[in-house]
Amino acid sequence: MAEPLRPFRLRGCGSPQKFGVAAGSLRGLLRKGCRLLQVRGGPGRDDTRLGCRLQMLDGTASSGCRRSGPGLELPAETRAELQPLRSGPPGAGVSPGAGSHPPVGQLPLAGSRLCLYEDGTELTESYFRALPAQTELVLLGPGQSWRGCASDIERLLAAFCSHQGAVVEAARRLLTDERAPHRQKLLADLVHNLSENILAEDKEEDKKWFEGLESRFKNKSSYLRHSCESRMRGYMREVTGFISNVHPSARDAYRGIINLMAEKLKSVKYNGCYFDRREKEEAARLCTAEGWFSCQGPFDRDDCPCKHSINPYSNRESRILFSTWNLDHIIEKKRAVVPELAEAVKTRDGREVNWEYFYQLLFTLDNLKLVHIACHKKTNHNLSCDKSRIYRKRKQTQEIS
């Protein structure tokens, strides 16, 4: 006894167009799908030759078809092409007769498979029978694969890259009439992220980026370099301001170390290269040559679990948001490094404090991680300085007898 017909939504792996197809078996659905879609097999190919789409199960109609009363009227040539699908017993597909061949470009039944749209699971006959009606399926040919929703995301990203201007304009039009807050945010973020002028460097090329900044900044890199330098100067002020907590007998020595650190910072231009995309030495900057920064994750992780990234060179809003990113001290500046430095100066007892070690902890990437504000953990890190590096090792002298 033939299985009752059930409706499904069917599409090829390279097209978003969906077709309503009813079948009672997996093989029957494959046959109908192959005849309907008529696509060329092979990786990444889905050349639909049909002049129109059937009325979709969600009630929408396609271009190339015209309505006739409550139903949908197909063009004459399409009705003739689909006629074989309506012959034979219910639920059964129609295979070509002996000696006949499928149309040129038609997907061959022998190499075709059906899979779930949502995750790419390929169907078996038993799995097919358990599926609910109107499940969305993807028809695959030889060499084709489907990774579920990720495949559609890849196509969407490709559209962003190849038709960026058109995508932005379409999103702006949709945003004008959108009332749902969640969809508003998605569209606004899309417009924001695509409305960027990353490659522009000088003020004349992207005047909007410089709005609100002092007139002395003539290009983006000079401002981002200044931003990093300002952070380093702020750390230096904190070290200097701690002198009131240093034992009076050690304050002169503490001032001497501050002066050495200040000279070192000045000689490397306050490490402004960390934020400067024009820096030629790749290892000396935290961004790509285009200006992309990636979050390095919380102090207790090797990477960012959320894959945060930002390009402050792209537009004004990203420039402002980048100011909320932190250069986080792994061994904490206030709780560990500066107090340990003050204690080392106090208890040096003739030993030479290894100020360069403290300099590295305070001002360099040896102890700094660039983190998104959500990855900046302000709890106690419970990390301390390396006791073996606090003082310089004395040179060993060997007596000659």
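These figures come from a predicted structure and were not determined experimentally. (Residues numbered from 1 in each chain as written. Predicted model: local features only at pLDDT ≥ 70, side-chain atom pairs only at ≥ 80, totals over all residues. Heavy atoms only, no water.)

Turning our eyes to something else, we now look at the overall build of the protein chain. A count of helical and extended segments in the protein chain gives eleven helices and ten strands. Burial status across the protein chain gives 42% buried among its 401 residues. Considering only residue pairs separated by 6 or more positions, the protein chain has 64% of its internal contacts joining residues 24 or more positions apart. Per element, the accessible surface of the protein chain, about 22700 Å² overall, is 51% carbon and sulfur. (Helix = DSSP H or I, 4+ residues; strand = E, 2+ residues; numbered from the N terminus. Buried < 20%, exposed > 50% of the residue type's maximum accessible area, 1.4 Å probe, protein only. Contact = heavy atoms within 4.5 Å. Areas by Shrake-Rupley, 256 points an atom, 1.4 Å probe, with all protein chains shown as cover.)

A few words now on the side chain of threonine 135. Position of threonine 135 relative to the elements: it lies in the loop between helix H3 (125–130) and strand S6 (136–140). Overall, the relative accessible area of 14% leaves threonine 135 in the buried class. Among the polar contacts listed, one links the side chain of threonine 135 to the backbone oxygen of proline 132, at a separation of 2.6 Å. Apart from residues lying up to four places away in sequence, threonine 135 is in contact with Pro7, Phe8, Arg9 and Leu116. (Polar contact = N/O pair within 3.5 Å; in protein donor to acceptor, adjacent residues only side chain to side chain.)

Attention now moves to the confidence of the model for the protein chain. Taken residue by residue, the protein chain gives an average pLDDT of 82. The fraction at 70 or more is 80%. Across residues 39–106, where pLDDT falls below 50, the model places 114 contacts with residues more than four positions away in sequence or in other chains. (pLDDT = per-residue confidence, 0-100.)

For helix H7 (residues 220–241), built from 22 residues, the straight-helix expectation of 32 Å at 1.5 Å per residue is met to within 8% by its first-to-last C-alpha distance of 32 Å. Between the side-chain oxygen at the start of H7 and the backbone nitrogen of serine 221 there is a gap of 3.5 Å, and the oxygen is on asparagine 219. (Expected span 1.5 Å × (residues − 1).)

It is worth spelling out the packing of aromatic side chains at this point. Per the stated rule, a full pass over the model turns up twelve aromatic pairs. Arranged with centres 6.1 Å apart and planes meeting at 40°, the rings of phenylalanine 322 and tryptophan 325 form a pair that is tilted. Residue phenylalanine 322 shares its accessibility class with tryptophan 325, and that shared class is buried. Aromatic side chains tryptophan 355 and tyrosine 359 sit 6.5 Å apart centroid to centroid with 75° between the ring planes, which places their arrangement in the edge-to-face category. Of this pair, tryptophan 355 and tyrosine 359 are both found in helix H11 (residues 355–363), four residues apart, which corresponds to roughly one turn of the helix. (Phe/Tyr/Trp six-rings, centres within 6.5 Å; stacked < 30°, edge-to-face > 60°.)

Next up on the list: the environment of glutamate 340. Relative to the elements of secondary structure, glutamate 340 occurs in helix H10 (residues 333–346). Sequence spacing of glutamate 340 and lysine 387 is 47 residues, and the spatial spacing of their C-alpha atoms is 9.5 Å.

Time to look at the sheet that holds strand S1 (residues 6–12). Strands sit in the order S2-S1-S6-S5 across an open sheet of four strands; the sheet is mixed. Two strands bound the open sheet, and with one partner strand each, they are strand S2 (19–23) and strand S5 (113–116). Taken over all neighbouring pairs, the strand axes of this sheet differ in orientation by 45° on average, direction set aside. Sheet topology places S1 next to S6; four bridges connect them, and they run parallel. Residue pairing in the sheet places arginine 9 in a bridge with glutamate 136 of S6. Contacts from helix H1 (residues 26–37) reach S1, S2, S5 and S6 within the one sheet, and its direction differs from that of S2 by about 145°. (Pairing = 2+ DSSP bridges. Axes fitted to C-alpha atoms, helices over the stretch in contact; angles between N-to-C directions.)

If you look at the biggest cluster of nonpolar residues, it comprises 57 residues, and the most contacted ones within it are Met232, Tyr254, Met261, Phe275 and Phe358. Listed by contribution, the elements that provide at least two residues to this core are H7, helix H8 (251–267), H10, H11 and strand S10 (368–371). Excluding residues that lie within four positions of it along the chain, phenylalanine 358 makes contacts with Met261, Val337, Glu340, Leu341, Ala344, Val353, Cys385 and Ile390. Listed in part, the 18 residues of the second largest apolar core include Phe19, Leu29, Cys34 and Leu36. (Core = buried A, V, L, I, M, F, W, Y, C linked by side-chain atoms within 4.5 Å.)

With that out of the way, let us pick up the pattern of salt bridges. Side-chain pairs of opposite charge can arise where the charged atoms are in close proximity. One pass over the structure, following the stated rule, counts 24 salt bridges. In this structure, the salt-bridge partner of arginine 173 is glutamate 169, at a minimum N-O distance of 3.9 Å. Of the two residues, arginine 173 and glutamate 169 are both situated in helix H5 (residues 164–177); the distance of four residues between them amounts to about one turn of the helix. Across the pair glutamate 340 and lysine 387 runs a salt bridge, and its minimum N-O distance is 3.1 Å. A residue pair is termed long-range when its members are at least 10 positions apart, and glutamate 340 in helix H10 and lysine 387 in the segment after S10 qualify at 47 residues. Salt bridges here are not isolated pairs; linked through shared partners, they connect Arg225, Asp276, Arg278 and Glu279. (Salt bridge = Lys/Arg side-chain N within 4 Å of Asp/Glu carboxyl O.)

Before going further, it helps to spend a moment on unusual backbone geometry. Within the chain, glutamine 134 stands out as a residue other than glycine whose phi angle is a positive 70°. Within the secondary structure layout, glutamine 134 lies in the loop between H3 and S6. When its relative accessible area of 39% is taken as the criterion, glutamine 134 is described as partly exposed. Residue lysine 269 is not a glycine yet carries a positive backbone phi of 55°. Topologically, lysine 269 is positioned in the loop between H8 and strand S7 (293–294).

Bringing the environment of arginine 27 into the picture now. Relative to the assigned elements, arginine 27 resides in helix H1. Exposure remark for arginine 27: the relative accessible area of 47% places this residue in the partly exposed category. Considering only alpha carbons, one finds arginine 27 and leucine 109, 82 residues apart in sequence, at a separation of 9.1 Å. Not counting residues within four places of it along the chain, the set of residues in contact with arginine 27 comprises Leu109 and Glu125.

This part is about the environment of alanine 150. In this fold, alanine 150 is placed in helix H4 (residues 149–162). When the C-alpha atoms of alanine 150 and tyrosine 117 are compared, they prove to be 9.9 Å apart, with 33 residues separating the residues in sequence.

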